[in-house]
Amino acid sequence: NAGVTQTPKFRILKIGQSMTLQCAQDMNHNYMYWYRQDPGMGLKLIYYSVGAGITDKGEVPNGYNVSRSTTEDFPLRLELAAPSQTSVYFCASSYTGTNEKLFFGSGTQLSVL
Amino acid sequence: DQQVKQNSPSLSVQEGRISILNCDYTNSMFDYFLWYKKYPAEGPTFLISISSIKDKNEDGRFTVFLNKSAKHLSLHIVPSQPGDSAVYFCAAKPNDYKLSFGAGTTVTVRA
């Protein structure tokens, strides 16, 4: 079982560059999420999706964009990378949105220099 | 605005003894609480959860206690084992899908 797969695992960007973090799940989950974790902080929700074609902002959406064209994939786009976006990014999924555990990918360590 | 707080960044415990991790929350709308465990270079994995209608939930060596009046929950690990060394995140949600996470507690189990 692959579960939630994130690529790449590590990436260094220069200020102003753009990139897409990939996330795919094979569990037929409706809900997908992007979180970021900064040192000494809890995970913060960036964007989420309740199904293909439906996305919405979380707590910290500025500087990011998402799309959900299929149930399986939920890419996160960084436009004009800034040092403040240096973080570890986690993608997660769940079948429903209520009282259910989330399954997480292994994360992407991103540094913007 | 941190709605879920884990005030102890780290905890060191001897193998075989009890580990107690604490978590406080401020949002009275939270009605479902989870603990996640995270090893280095891996994503968080679900450990145990509790609904607000209960005050205790047990799963093997792991027990979560919920005190709604104090807005406090704790995770007990008995007995602690070396494989329990990890970062533990407390998380809480209202009746929707938006989890709020604490900053985590790093547990080190000494042999």
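Right above here is the structure, for reference.
Predicted, not measured: the structure shown is a model, and the values here were computed from it.

Asks: Explain the overall build of chain A here, please?
Replies: When helices and strands are counted, chain A shows zero helices and eleven strands. Scanning chain A from its N terminus toward the C terminus, one meets helices and strands in the order β-β-β-β-β-β-β-β-β-β-β. Whereas a compact globule of 113 residues would reach a radius of gyration of roughly 13 Å, chain A reaches 13 Å, a difference of no more than 12%. Principal-axis analysis of the C-alpha atoms gives chain A an extent of 35 × 30 × 25 Å. Looking at the 113 residues of chain A, the share that counts as buried comes to 45%. Long-range pairs, those at least 24 residues apart, make up 54% of the contacts in chain A with a sequence separation of at least 6. For chain A, the exposed area adds up to about 5300 Å²; of that, 53% sits on carbon and sulfur atoms. If the 9 positive side-chain charges of chain A are averaged to one point and the 8 negative ones to another, these points end up 8 Å apart.

Asks: I keep staring at the interface of chain A and chain B and nothing clicks. Help me out?
Replies: When the parts come together, some accessible area is lost, and that loss is often what is quoted as the size of the interface. Tallying the contact residues gives 22 residues for chain A and 21 residues for chain B. Interface of chain A and chain B: buried area, both sides summed, is about 1700 Å²; carbon and sulfur atoms make up 60% of it. Inspection of the chain A/chain B interface yields zero salt bridges. Linking chain A with chain B are one residue pair in polar contact (both at pLDDT 80 or more). Every element with two or more residues in the side of chain A that touches chain B is listed here: β4 (31-37) and β5 (43-51) of chain A. Ranked by residues supplied to the side of chain A that touches chain B, first place goes to β5 of chain A with five residues. Broken down by class, the residue content of the side of chain A that touches chain B amounts to eleven nonpolar, eight polar and three charged.

Asks: Before we go on, may I ask you to explain the state of the cysteines in this structure?
Replies: Covalent bonding between the sulfur atoms of two cysteines is what defines a disulfide. Evaluated as defined, the whole model comprises two disulfides over all chains. In this model C23 of chain A forms its disulfide with C91 of chain A; the gap between the sulfur atoms is 1.8 Å. One quick way to see it: the torsion about the S-S bond of C23 of chain A and C91 of chain A is about -70°, and its sign makes the bridge left-handed. Separated by 68 residues along the polypeptide, C23 of chain A in strand β3 (residues 19-25) and C91 of chain A in strand β9 (residues 87-94) bring together distant segments of the chain. For C23 of chain A, a relative accessible area of 2% corresponds to the buried category. For C91 of chain A, a relative accessible area of 0% puts it in the buried group. There is a disulfide in this structure between C23 of chain B and C90 of chain B, and the S-S distance comes to 2.0 Å. Of note, the bridge from C23 of chain B to C90 of chain B carries an S-S torsion of about -75° and is left-handed in sense. Here C90 of chain B lies in strand β9 (residues 86-93) and C23 of chain B lies in strand β3 (residues 19-25), a separation of 67 residues in the sequence. One exposure class covers both C23 of chain B and C90 of chain B, and it is buried.

Rules of the game
Residues numbered from 1 in each chain as written. Chains lettered and ligands numbered in written order. Predicted model: local features only at pLDDT ≥ 70, side-chain atom pairs only at ≥ 80, totals over all residues. Heavy atoms only, no water. Helix = DSSP H or I, 4+ residues; strand = E, 2+ residues; numbered from the N terminus. Rg over C-alpha atoms; globule rule 2.2 N^0.38 Å. Buried < 20%, exposed > 50% of the residue type's maximum accessible area, 1.4 Å probe, protein only. Contact = heavy atoms within 4.5 Å. Areas by Shrake-Rupley, 256 points an atom, 1.4 Å probe, with all protein chains shown as cover. Lys, Arg positive; Asp, Glu negative; His and termini not counted. Charge placed at Lys NZ, Arg CZ, Asp CG, Glu CD. Buried area = accessible area lost by both parts, 1.4 Å probe. Salt bridge = Lys/Arg side-chain N within 4 Å of Asp/Glu carboxyl O. Polar contact = N/O pair within 3.5 Å; in protein donor to acceptor, adjacent residues only side chain to side chain. Nonpolar A, V, L, I, M, F, W, Y, C, P; charged D, E, K, R; others polar. Disulfide = S-S within 2.5 Å.

By themselves, these observations are geometric and do not establish any function.
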